[in-house]
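Chain and residue survey
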Amino acid sequence: MKPVIPQDTCFLFTQAESTCGLDKEIFGKVVTEPGQITNRDIVYLAADTVLPSFQGACPAALIYSAEDCRAPALWENGRFPVLLVKPNIVFSCGDIISISMKGRIHRHYRTASHNNAFLVTEACNNLCVMCPQPPKPARIVDPLQLEASVAATIDLLDDEHLPETLCITGGEPTMLSEGLIRIIDKIAKRSPLTLIHLLTNGRYFYYESYVAHLAAAARGNLLVGIPLFAHVSDIHDYIVQSRGAFDQTLVGLLNCYKQGISIELRIVLHQTTIESLLDLAEFIAKNFFFVKHVALMGMENMGYAKLNWSTLSIDPWDYKDTLSAAVEILQRYGIETRIFNLPLCVVNSDVHANCAKSISDFKNTYPLICAQCVKREDCGGFFASSTDKFFLTQHITPFLV
Ligand code: SF4
């Protein structure tokens, strides 16, 4: 297990306060010890770092924070771009970032995180009613450009910063077709011990030869997270807004099993899925006993989930007995079951052990009332996108003993 670097801060994007000499886009790796830089590195000067002379190679750029008293000297160097960021923006050695000409910084890989993910496309062949990140038409984003960006990031990974798990997400990653296989092959070659967690709707896995190529590229280190929202096609196809999706996904699940790919079944919990959750649990237990685990997931209040809030939202407090019963069914058949995205105080105590701290660190938050809760450290909390209007529950109850 890698140590978490304490001073690193959670952000994917940030805007530099000001920039100097930035006349082109920059992509590179962050170094924090300027002694060993190349002209492709981006130096981040922490407040307690000795100001280097840069007599040898110059960095691609230099980032420092507003509290740094060395600012004037840095600003006037004229040899490489300099960016000023807020003091609460902290990078770690090995982070991989890009900087736009307007000073917008995108962190593609964060060494201090266990939640690194590559978004490989924003296109999707489903249109789920609760999609937190609605897809964009394929023509808007060039898939080859996204693939090249992911490949460049993989190339820059340091040996000492290789991830235990790396998520590939979209959109729907299989929309890249062969491109996805190339990305998975590249990750598996560069970091053979990394578990690749592929989030996909599984429809393209209907084609067994594709699944076979994917399995070969991953070399045994692939976990596919596939949603299954109902035990019958009418409900599943309605939720994903695609007729025929249910049948394709079921065949896809069987093809994954045949090709030795581990499967995580993902069920997002909202009004429509809760109505038939127990039927779905029975259906999975009897037909898909081979899955690695089932994830029962609280709904993220973003995108279409907000748009359809009145017809989808249901307080977890109101379905906690159904949730316990679903977990009981799955576990009775020996299927490992996890609960994602739900705080401990809104589920029954019999499923506390199933609850995982699943919300990515940069999206995770806790309301003030949680400060007094003795289970705060074990609780997964809430999505930072939560607002009064779109709040998950009205039943937050701190555990006091
Ligand atoms: S009070 Fe807060 S920290 Fe405690 S279980 Fe509820 S949501 Fe979690």
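Residues numbered from 1 in each chain as written. Predicted model: local features only at pLDDT ≥ 70, side-chain atom pairs only at ≥ 80, totals over all residues.

Considerations on the overall build of the protein chain
Basically, it comes down to this: Numbering goes from the N terminus for both helices and strands, where a helix is a DSSP run of H or I of at least four residues and a strand is a run of E of at least two. Radius of gyration means the value over C-alpha atoms here, while the globule rule gives 2.2 Å times the residue count to the 0.38 power. Burial in this document is a count-based property: other C-beta atoms within 10 Å of a residue's C-beta are tallied, and the residue is buried at 20 or more, exposed at 12 or fewer, or partly exposed in between, with C-beta positions derived from the backbone. A pair of residues counts as a contact when their C-beta atoms, built from backbone coordinates, are separated by no more than 7 Å.
Within the protein chain, the regular secondary structure consists of eleven helices and 17 strands. Taking 2.2 N^0.38 as the reference for a compact globule, 401 residues should give roughly 21 Å; the C-alpha atoms of the protein chain span a radius of gyration of 23 Å, in line with that estimate. Structurally, the protein chain occupies a C-alpha span of about 70 × 55 × 35 Å along its principal axes. Looking at the protein chain as a whole, 39% of its 401 residues are labelled buried. Within the protein chain, counting contacts between residues at least 6 apart in sequence, those at least 24 apart form 71% of the total.

Examining the environment of Leu 277
Along the chain, the position of Leu 277 falls in helix H8 (residues 277–287). If we skip the residues at most four places from it in the chain, Leu 277 touches Thr 322 and Ala 326.

Regarding the site of the ligand
Going by this rule: Each residue gets a C-beta atom placed from its backbone. Should that atom fall within 6 Å of a molecule or strand, the residue is termed near it. Classes in brief: Ala, Val, Leu, Ile, Met, Phe, Trp, Tyr, Cys and Pro nonpolar; Asp, Glu, Lys and Arg charged; the others, Gly included, polar.
Lining the immediate surroundings of the ligand are 13 residues, of which Pro 343, Cys 345, Cys 370, Cys 373 and Cys 379 lie closest. Class assignment of the residues belonging to the shell around the ligand gives a composition of ten nonpolar, one polar and two charged.

Structural notes on the sheet that holds strand S6 (residues 82–85)
Convention followed: By the convention used here, strands pair only if DSSP detects at least 2 bridges between them. To get an axis, a line is fitted to the C-alpha atoms, and for a helix only the part in contact is used. The angle between two axes follows their N-to-C directions and goes from 0 to 180 degrees.
Across the sheet, eight strands lie side by side as S1-S8-S7-S3-S4-S5-S6-S2; this open sheet has mixed pairing. Each edge of the open sheet carries a strand with a single partner, namely strand S1 (13–15) and strand S2 (18–20). Each strand axis lies, on average, 25° off the axis of its neighbour in the sheet, ignoring direction. The sheet contact formed by strand S5 (residues 61–65) and S6 spans four bridges and is parallel. Note on S6: the bridge partner recorded for Leu 62 is Val 82.

Examining the confidence of the model for the protein chain
Cut-off, in case you're wondering: Confidence of the predictor in every single residue is expressed as pLDDT, which spans 0 to 100.
Considering every residue of the protein chain, the mean pLDDT works out to 91; 97% of them sit at 70 or more. Considering only residues more than four positions removed or in separate chains, one finds that residues 1–6, a stretch of pLDDT under 50, has three contacts.

Overview of the packing of helix H5 (residues 233–240) against helix H6 (residues 245–258)
Note the threshold: Here is the rule for angles: anything less than 35 degrees is roughly parallel, anything more than 145 is roughly antiparallel, 65 through 115 is roughly perpendicular, and the remaining ranges are oblique.
Remark: H5 packs on H6, axes separated minimally by 8 Å, with the N-to-C direction vectors making an angle of 100°. Put simply, H5 runs roughly perpendicular to H6. Of the residues in H6, those in contact with Ser 233, His 236, Asp 237 and Val 240 of H5 are Ala 245, Phe 246 and Asp 247. Looking at the contact of H5 with H6, its residues break down into three nonpolar, two polar and two charged.

Some details on the nonpolar core
What counts is decided by this rule: We call a set of buried Ala, Val, Leu, Ile, Met, Phe, Trp, Tyr and Cys residues a nonpolar core when their C-beta atoms link them within 7 Å.
If you look at the biggest cluster of nonpolar residues, it comprises 70 residues, and the most contacted ones within it are Leu 265, Ile 267, Val 294 and Leu 296. Not counting residues up to four positions away in its chain, the partners in contact with Leu 265 are Ile 226, Leu 228, Ile 284, Phe 288, Val 291, Val 294 and Ala 295. If you look at the next biggest cluster of nonpolar residues, it comprises 29 residues, including Tyr 44, Leu 83, Ile 105 and Leu 157.

Describing the domain arrangement of the protein chain
Put simply, the test is: Residue ranges labeled as domains rest on an automatic or database domain assignment.
What the domain assignment reports for the protein chain is domain 1 (13–109) and domain 2 (117–383). If you average the C-alpha positions of domain 1 and of domain 2, the two centres end up 36 Å apart. Taken together, the contact pairs six residues of domain 1 with six residues of domain 2. Mapped by element, the contributors of at least two residues to the side of domain 1 that touches domain 2 are strand S3 (26–31) and strand S8 (104–109). Taken together, the residues that form the side of domain 1 that touches domain 2 break down as three nonpolar, two polar and one charged.

Digging into the sheet that holds strand S13 (residues 262–269)
Taken together, the seven strands give an open sheet; going across it, the order is S9-S10-S11-S12-S13-S14-S15, and neighbouring strands pair in parallel fashion. Looking along the sheet, the strands with just one partner apiece sit at the ends: strand S9 (117–119) and strand S15 (336–340). On average, adjacent strands in this sheet sit at an angle of 20° to one another, irrespective of strand direction. Sheet analysis places strand S12 (residues 222–227) next to S13, joined by five bridges and oriented parallel. Among the inter-strand pairings, Leu 223 is bridged to a residue of S13, identified as Ser 262.

Some thoughts on unusual backbone geometry
The step from Gly 170 to Gly 171 runs through a cis peptide bond, and the omega angle for that step is 20°. Tracing the sequence through the fold places Gly 171 in the loop between strand S10 (165–169) and helix H3 (178–190). One non-glycine residue with positive phi stands out, namely Asn 341, at about 65°. Along the polypeptide, Asn 341 turns up in the loop between S15 and strand S16 (364–365).

Describing the pairing of S13
The side chains of a regular strand alternate, first on one face of the sheet and then on the other. Most of S13 sits out of view: six of its eight residues are buried. The pairing of S13 with strand S14 (residues 293–298) spans six bridges and is classified as parallel. Each bridged residue has a counterpart across the sheet, and for Ile 267 the counterpart in S14 is Leu 296.

Regarding H8
Put simply, the rule is: To be clear, the arc concerns the directions from the helix axis to the C-beta atoms.
Those residues of H8 lying buried are Leu 277, Leu 280, Ala 281 and Ile 284. The buried residues of H8 occupy one face: seen down the axis, they fall within an arc of 100°. Those residues of H8 that are buried are in contact with S13, helix H7 (271–275), S14 and helix H11 (320–332).

Focus on the pairing of strand S4 (residues 41–45)
Counting buried residues along S4, five of its five residues qualify, which places the element largely inside the surrounding structure. Of the two faces of S4, the one lined by Asp 41, Val 43 and Leu 45 and the one lined by Ile 42 and Tyr 44 are each fully buried. By the bridge criterion, three bridges tie S3 to S4 in an arrangement that is parallel. Following the sheet pairing, Val 30 is matched in S4 by Ile 42. Direction of pairing for S4 relative to S5: parallel, over a ladder of four bridges. By the bridge assignment, Leu 45 is partnered in S5 with Tyr 64.

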